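So the chains spell out like this:
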Amino acid sequence: MPDTTDAGHAGLAAFRHIDFNLYQIERFFVVAALEMLSVAVGWQVYEITRRPLDLGFVGLAQFLPNVFLFLIAGHAADRFNRKNLLLACNLGFAACCVLLIEITWHGAHSVRPIYGVLILLGIVRSFNSPAGRSLLPVLVPAKVFPNAVTWNATIFQGATILGPALGGFFYAVFRGPTGVYAIAVSACAGATVALIRIRVRSSTRPREEFTLPAVLAGLRYIGTHKLILGAISLDLFAVLLGGAVALLPVYAREILRTGPWGLGLLRAAPGVGAALMAILLAYKPMKQRVGKIMLSCVAAFGVFTIVFGISRSLVVSLISLVLVGASDMVSVVVRGTLVQIATPDYVRGRVNAVDMIFIGASNELGEFESGLTAHLFGSVPAVIIGGAGTVLVVALWAWMFPELRDADKLTLESKTNT
């Protein structure tokens, strides 16, 4: 085995640690299971109601619990054993799949029971996210952590790409959602087996009581640490303004004049770019000036969004979306690493809970912003305005958060208490 002193510069450094490998297996199974479930539920709900609006409620039912519970979930991730909390969440995911099987077997003539299960699923997800993200830093040495974040993002991208494809495939094979839900239960079981085998390095955390100041500690910590506040809020506003995913069906049909196959390529393009960039960063990690690199890549995200907005060529549009995904992945890796290393373990769950709600808000509200702007000004101006807004946000954040602009290395020395 290579010397761990050089591990931080090796592309596969994180995979030399068995606990990291087990965690990635667990996370891949869970994310793929949830993606398969999402596809199956979407088809099932639409077959029952034939109303596109009900598909929007599918996402809303899973997102809203996180809005109300993220502070409590973050506190739980800091107060209780995170591995045990993840085990409970895996059991919760499996239970939700079993309930969906039961509803389907008895003949689902109404979507209300399904929405009830989706709300339960959203509650479980709200606790799973901060606990899982807070567990990652204690699975590998500090020198290897940037490499671990990069591969963690890569595997997540793989699960989000493969999961929906498998969900649609199994839905067709089993001629209904029951088989998909059963396979999702099996995936949760496999994730649980991998999680049980993880050995978490002990860390000393004060056992805080459930009080309002303790619950709000994550928000208070972010508000007093400009590096974390700048990184999290930059992602929120950049994605909020620059997200063009919601308008891809309009572009595919009305502007690029392509069919469903073209829409599939357009949707896959950002994920392809993100995955390729993540692999590149794993083998060629950023060594200095990471703050400036992050700001530059978020600005590039806006510029490539503008290129996509004005393009009338499918090839140019695909290339621009690949570059959008690649630029975003640099931001994901830098932000994910900076936030984790600049946050002490005792409050990491609460900070990650706030980060997750910011990410969720940027995605959900970003789609709404794109739709509203397109309604007011048209699809092409909406994308162009959003991309230009992202570039403007980068300029403002570079001025407002010098701590972010001047962040140098993705190491523990990047931690700031200003």
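Residues numbered from 1 in each chain as written. Predicted model: local features only at pLDDT ≥ 70, side-chain atom pairs only at ≥ 80, totals over all residues. Heavy atoms only, no water.

(A) Structural view of the packing of helix α3 (residues 82-105) against helix α4 (residues 112-135). Two elements in contact, α3 and α4, have axes whose closest approach is 9 Å; the angle formed by their N-to-C orientations is 160°. In terms of orientation, α3 lies roughly antiparallel with respect to α4. Of the two possible hands of crossing, α3 and α4 adopt the one that is left-handed. Of the residues that constitute the contact of α3 with α4, the class distribution is 17 nonpolar, 4 polar and 2 charged. (Axes fitted to C-alpha atoms, helices over the stretch in contact; angles between N-to-C directions. Helix = DSSP H or I, 4+ residues; strand = E, 2+ residues; numbered from the N terminus. Parallel < 35°, antiparallel > 145°, perpendicular 65-115°, else oblique. Left-handed = near helix turned anticlockwise from the far one by under 90°. Nonpolar A, V, L, I, M, F, W, Y, C, P; charged D, E, K, R; others polar.)

(B) Focus on helix α1 (residues 18-49). The end-to-end C-alpha distance of α1, which contains 32 residues, comes to 47 Å, matching closely the 46 Å that a straight helix rising 1.5 Å per residue would cover. Just downstream of α1 lies Arg 50, where phi reads positive at about 60°. (Expected span 1.5 Å × (residues − 1).)

(C) The arrangement of the packing of aromatic side chains in detail. Under the defined criterion, the tally for this structure stands at 7 aromatic pairs. With 6.3 Å between their ring centres and 80° between their planes, Trp 151 and Tyr 283 make a pair best called edge-to-face. With Trp 151 in helix α5 (residues 145-173) and Tyr 283 in helix α11 (residues 260-283), this residue pair connects regions lying 132 residues apart in the sequence. Tyr 283 sits in the partly exposed class, given a relative accessible area of 43%. Between Trp 397 and Phe 401 the ring centres are 5.9 Å apart and the planes differ by 40°, which places this aromatic pair in the tilted class. Of the two residues, Trp 397 and Phe 401, both sit in the buried class. An aromatic cluster is built from Phe 15, Phe 20, Trp 151 and Tyr 283, whose rings are joined through pairwise contacts. (Phe/Tyr/Trp six-rings, centres within 6.5 Å; stacked < 30°, edge-to-face > 60°. Buried < 20%, exposed > 50% of the residue type's maximum accessible area, 1.4 Å probe, protein only.)

(D) Focus on the side chain of Ser 331. Mapped onto the secondary structure, Ser 331 falls in helix α13 (residues 314-341). The residues contacting Ser 331, other than those within four sequence positions of it, are Met 294, Val 298 and Gly 336. (Contact = heavy atoms within 4.5 Å.)

(E) Region of the structure containing the nonpolar core. Among the nonpolar cores identified, the biggest contains 102 residues, and Val 41, Leu 118, Leu 234 and Leu 404 are the most heavily contacted of them. If we skip the residues at most four places from it in the chain, Leu 118 touches Leu 37, Val 41, Val 58, Ala 61 and Gln 62. Ile 255, Ala 269, Phe 308 and Ala 382 belong to the second-largest nonpolar core, a separate cluster that totals 15 residues. (Core = buried A, V, L, I, M, F, W, Y, C linked by side-chain atoms within 4.5 Å.)

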